[in-house]
Amino acid sequence: MKKSAQFRCPHCKSVLTKCEMDQVLGEAGSFMVFGQSTEICPACGNSIDRLSIVNGKYDIKDSAIVSTLKVIITIGVLILIIALLNHC
Ligand SMILES: [Zn+2]
């Protein structure tokens, strides 16, 4: 599964972009990081655990409302298809 290239700072909720190496490590499903173990948020100056960033813990995901809407639309389309098939 493709992981997000962006993540949210757990301290100040700023949207930050992962460095290339962290993205690659995340794609590889890495459970360790090379170099420094924390990253400093450019917005609030707090340190963020790099392993959590790599593992997608702070990835930006669809909000609950968007996810629910997608499910409703999918079910709606399926019902429509089934209804059309039953008319044949
Ligand atoms: Zn921050």
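Residues numbered from 1 in each chain as written. Predicted model: local features only at pLDDT ≥ 70, side-chain atom pairs only at ≥ 80, totals over all residues.

Next up on the list: unusual backbone geometry. Despite not being glycine, Lys-13 has its phi angle at roughly 65°, a positive value. C-beta crowding within 10 Å serves as the criterion here: with 10 such atoms nearby, Lys-13 is assigned to the exposed category. (Buried ≥ 20, exposed ≤ 12 C-beta atoms within 10 Å, placed from the backbone.)

Chain-level statistics for the protein give a pLDDT mean of 89 and a share of 94% at 70 or above. No element of the protein has a lower mean pLDDT than helix 1 (residues 20-27), at 88, and none a higher one than strand 4 (residues 47-49), at 96. (pLDDT = per-residue confidence, 0-100. Helix = DSSP H or I, 4+ residues; strand = E, 2+ residues; numbered from the N terminus.)

The periodicity of an α-helix, 3.6 residues per turn, causes residues three or four places apart in sequence to face the same way. When helix 1 is considered as a whole, its buried residues turn out to be Asp-22, Leu-25 and Gly-26. Down the axis of helix 1, the sector holding all buried residues measures 100°, keeping them to one side. Residues of helix 1 that are exposed and angled more than 90 degrees away from the buried face: Glu-20, Val-24 and Glu-27. In the core, the buried residues of helix 1 are packed alongside helix 2 (50-54). Following helix 1 by one or two positions, Gly-29 has its phi on the positive side, about 70°. (Arc of directions from axis to C-beta. Contact = placed C-beta atoms within 7 Å.)

Right, let's get into helix 3 (residues 64-86). With 23 residues, helix 3 should reach 33 Å at 1.5 Å per residue; the first-to-last C-alpha distance of 33 Å fits that figure. With zero of 23 residues buried, helix 3 is to be regarded as a mostly surface element. (Expected span 1.5 Å × (residues − 1).)

One can find Ile-40 in strand 3 (residues 38-40). Linking Ile-40 and Leu-85, residues 45 residues apart in sequence, is a C-alpha distance of 57 Å. Non-local contacts of Ile-40, meaning those with residues more than four positions away in its chain, are made with Gly-45 and Ser-47.

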